[in-house]
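Geometric and topological summary
Here's the letter readout for the chains.
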Amino acid sequence: MKKVNKAFLSALSVTIVIVFALAGCSGSNNANEPAKEGNNGEDGGTEQTSEAYELGKEPLEFSFYGHYDWYTMPVWGEDLATKWIKENKKVNVVPISSGGAAKNKLSTMIVSKELPDVMWMERGADVEKLRAEGLLVPFDDYLDKYPNLKKWAGESTLDMLRSPDGKLYQFPNWYTTQPNGNSGYLVNKKIYNELGAPSLETVDDLYAYLKQVKEKYPDVVPLELGQTAAGMDVMVSAFAENRPFTFNTMMAVPQDNKLVSLFADPVYRELLQFTSKLYREKLISQDTFTQKLEQVESKVVSGKVAVYVASSPTEFGAIGNSQLSAQDPEAGYIMVWPVHKAGLDKNKIFPGDYKQLGWNVSVITKNAKNPEAIFAFLDWFTGPEGQRTIMWGPEGLYWDGVDAEEAPLFTDKFTSDTKGRDELMNSTVNFQWNGNTVYVDNSKTKFESTLPAEKRSWETYWQSEITWKTQFNTTEYVNLDPAGDSEEGIIAQSILSIYEQARAKAVMNAKSDEEVIAILDKAEDDAQKAGYEKLLAYKTEKWQENVAKLSE
């Protein structure tokens, strides 16, 4: 996503991240049932009626807050897509900025009781805090009246999103019922071919190749791991079957129905030993823990990397491939099947993950004057017409009409005016709050299959050939984090600090494999003293609750 989260939401692929099987929350209200008290009552809202809200019949304006330091909402109505929505659906969205300090902004809004109408945020502790304080509107009574969310997400996904009181307060983004994602290995095609297109299947193959690159191309970064060395975590998949990087970010590893220490995990230790070796031999960027995302983008787009590993390398890769190949037909990028340690099954290597629940969620607060109208808009937004519009602009430009499955019929301009199309798509990335992964991905792939090879999207090609096939379903591991002000939450902050310091020290400071192990041994000892076992027990309990829900 642009400044937002480039790794997560590619403007061209938009697939990001993310699966989601709607939960079993059929609303109790339908069009023939009597109205219930709305927002100002127990469940919030103004008065609800049995008649469905008709979007576009009257003006609808609401405030919107993105709960991220990095997020700045563009001006609603300035791009072609939101301009059309504003004019035809009479919807205007007023942004409220975090000012680069989301945590403080949220606290201030709660204390002052001046909450925005809609908040876009991560699932978890902050949502539950707002819910527990009675500040959110439940969606259950809307689900049958406005059926897109229920239809596309699926009952099991909605059930996973329900709060402890059994109600649904969260509208998911980029939910899915099928694999998606872009994690993997991007390879500089020109360098690769000039070096004889050697095998890049195993970890040993990759190491040998990086050494060749360093020797022959001194001005190129052999292996780019991105900002904060995030690509290193993606590479953990190479050292064990069925091992997504999710376990690293969870700081916990599943073992015999329990979550155990990451620091003591042999697979994680092997990953850090390998990465430390690459760092010592200058095969990865020496400033990988401190470089800015813009620096990474510049290197990839200009072709100054030989291999790029990331959770979404296709975003920069697509731009780089387009620009480099325009200058030299032999240049550009390809992707390779995820590398693996010799002896492992390559079909059980998963550098990325996807979750039925998707990425993040939108919640409607009780400050909203007409929460049902806002839900009606969000439901339209996640449906076929809303997704077509926010992804590819209003009808008549890059698409005209739909097929029997409501997929857009793309016009010739979609492939002839790629510059204009991509500019439009880039302009709406930060408005994609209710992404419908299955609809968007299936629409793209259906269209791509009708095109000759030279006109097919570079990004969609590699998604269908490699990345979508190598993402691991980690839905059962969602929502494991404790509330920040709980005992486990305070422990989690200490463990995170230990994790970040040990990770960087093991890569940059260790002079040998033995020193890497010593650093991790100390991290394990420090973590246990900080209450790691209590945190792991908490996460295990939440994990097993998820497993039970998914098996129902």
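Right, let's walk through the structure included here. As a convention, each chain's residues are numbered from 1 in the sequence order in which they are written. Reporting of local features is limited, given that this is a predicted model, to residues whose pLDDT is at least 70; pairs of side-chain atoms are given and counted only at 80 or more, and all residues count toward the totals for whole chains, interfaces and linings. Working from all heavy atoms in the structure, the side-chain values ignore hydrogens and water.

DSSP-based pairing: two strands are paired if at least 2 bridges between them are found. Helix numbering and strand numbering both begin at the N terminus, where a helix is a DSSP run of H or I of at least 4 residues and a strand a DSSP run of E of at least 2. Judged by pairing direction, the sheet is mixed, and its five strands sit side by side in the order β2-β1-β3-β12-β4 without closing on themselves. Where the open sheet ends on each side, the last strands, each with one partner, are β2 (91-96) and β4 (171-172). Across three bridges, strand β1 (residues 60-66) lies against strand β3 (residues 118-121) in parallel orientation. Each residue of the ladder has a partner; that of Phe64, found in β3, is Val118.

The classification of residues rests on relative accessible area computed with a 1.4 Å probe and restricted to protein chains. Under 20% of the type maximum is buried, over 50% is exposed, and intermediate values are partly exposed. By the criterion of burial, strand β5 (residues 184-188) is predominantly enclosed, with five of the five residues buried. Pairing analysis gives four bridges linking β5 to strand β9 (residues 305-310), with the strands arranged antiparallel. What sits directly across from Val187, in β9, is Val307. In terms of strand pairing, β5 meets strand β10 (residues 333-336) through four bridges, oriented antiparallel. For Tyr185, the partnering residue across the bridge sits in β10 and is Val336.

Attention now moves to the pattern of salt bridges. A carboxyl oxygen of Asp or Glu within 4 Å of a side-chain nitrogen of Lys or Arg is what we treat as a salt bridge. All chains considered together, the criterion is met by 27 salt bridges. Ionic pairing is found between Lys89 and Glu385, a salt bridge with its closest N-O pair at 3.7 Å. Within this pair, whereas Lys89 is found in the loop between α2 (80-88) and β2, its partner Glu385 is found in helix α15 (residues 384-392), the two being separated by 296 residues in sequence. Ionic pairing is found between Lys542 and Glu545, a salt bridge with its closest N-O pair at 3.9 Å. Here Lys542 and its partner Glu545 are both found in helix α22 (residues 532-551), three residues apart, which amounts to about one turn of the helix. Given a relative accessible area of 25%, Lys542 falls into the partly exposed group. What emerges from the salt-bridge pattern is a single network uniting Glu128, Arg131 and Asp165.

This next bit is on the sheet that holds strand β6 (residues 221-224). Pairing is mixed in the open sheet, where four strands are placed in the order β6-β9-β5-β10. Each edge of the open sheet is held by one strand with a lone partner, namely β6 and β10. With direction set aside, neighbouring strand axes in the sheet form an average angle of 20 degrees. The contact definition used throughout considers only heavy atoms, calling two residues in contact when any of these lie within 4.5 Å. Axis definition: a line fit to C-alpha positions, over the contact stretch in the case of helices; interaxial angles, taken between N-to-C directions, run 0 to 180 degrees. The strands touched by helix α12 (residues 293-301) within the sheet are β5, β6, β9 and β10, with β9 carrying the most contacts at an inclination of about 135 degrees.

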